[in-house]
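Per-entry structural report
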Amino acid sequence: QVQLAESGGGLVQAGGSLRLSCAASGLTFSLYTMGWFRQAPGKEREFVAALSGSGGDTYYGDSVKGRFTISRDNAKNTVYLQMNSLKPEDTAVYYCAAGYLVTRPFSRLDYNYWGHGTQVYVSS
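Report follows, based on the coordinates.

The rules we used
Counting starts from 1 at the beginning of each chain's written sequence and moves along it residue by residue. Side-chain atom pairs in this predicted model are given and counted only at pLDDT of 80 or more, local residue features only at pLDDT of at least 70, and totals for whole chains, interfaces and linings cover all residues. The basis for the side-chain values is all heavy atoms of the structure; hydrogens and waters are excluded. What makes two strands pair is DSSP finding at least two bridges between them. The secondary structure listing takes helices from DSSP runs of H or I that are at least 4 residues long and strands from runs of E that are at least 2 residues long, numbered from the N terminus. Comment: axis = line fitted to C-alpha atoms, over the contacting stretch for helices; angle = value between 0 and 180 degrees taken between N-to-C directions. Residues grouped as a nonpolar core are buried Ala, Val, Leu, Ile, Met, Phe, Trp, Tyr and Cys residues, joined through side-chain atoms within 4.5 Å. Type-normalised accessible area, obtained with a 1.4 Å probe on protein chains alone, sets the label of each residue: buried when under 20%, exposed when over 50%, and partly exposed for intermediate values. Note on definitions: salt bridges are taken to be side-chain nitrogens of Lys or Arg within 4 Å of carboxyl oxygens of Asp or Glu.

Reading across from one edge, S1-S3-S8-S7 is the order of the four strands in this open sheet, with antiparallel pairing throughout. In this open sheet, the two strands that pair with only one neighbour each are strand S1 (3-7) and strand S7 (68-73). On average, each strand axis in the sheet is tilted by 15° relative to the strand beside it, whichever way the strands run. Pairing of S1 with strand S3 (residues 18-25) involves five bridges; the strand directions are antiparallel. Bridge pairing in S3 places Ser-7 opposite Ser-21.

Shown next, in the form of structure tokens:
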């Protein structure tokens, strides 16, 4: 049974930083593209970042480029999202996702498994 467990969310002031983690189990982690998406109240789930299984290809949403960094540790079956220079508009529930043979890393439809999410709240 595949499980994805996010952690690291919380409350931070604008301009601050947080690092999210997602621990995966029940899958061959290095074969999966790992992605982060977020969903704010009343909005659709939005692509944030993705990283290929080997770690060689990274993708970012336009709103987070230059501020967020995705990384992974295949030995620990964990993917991270380092978030710097946080803004109030980054407030959302952040979800980790795993996708096999992903061809559209920006699309939530390409991901097979999802975590339950972790809340990030950025105060102004």
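Moving on, there is more to tell.
Residues Met-34, Trp-36, Leu-81, Met-83 and Tyr-94 are the most contacted members of the largest nonpolar core, which totals 29 residues. Mapped onto this core, the elements with two or more residues apiece are S3, strand S4 (32-39), strand S5 (46-51), S7, strand S8 (78-83), strand S9 (92-100) and strand S11 (118-123). Phe-37, Phe-47, Ala-50 and Ala-97 belong to the second largest nonpolar core, which has five residues in total.

What follows is about the pattern of salt bridges. The tally for this structure, following the rule as stated, stands at five salt bridges. Of the charged contacts, one joins Arg-67 and Asp-90 as a salt bridge, the two residues approaching to 2.8 Å between their closest N and O atoms. A residue pair is termed long-range when its members are at least 10 positions apart, and Arg-67 in the loop between strand S6 (58-60) and S7 and Asp-90 in the loop between S8 and S9 qualify at 23 residues. Judged by its relative accessible area of 11%, Arg-67 falls in the buried class. Overall, the relative accessible area of 0% leaves Asp-90 in the buried class. For Arg-104, the salt bridge goes to Asp-110, with nearest N and O atoms at 2.6 Å. Classification of Arg-104 as partly exposed rests on a relative accessible area of 43%. Among the residues examined, Asp-110 registers a relative accessible area of 11% and is labelled buried.

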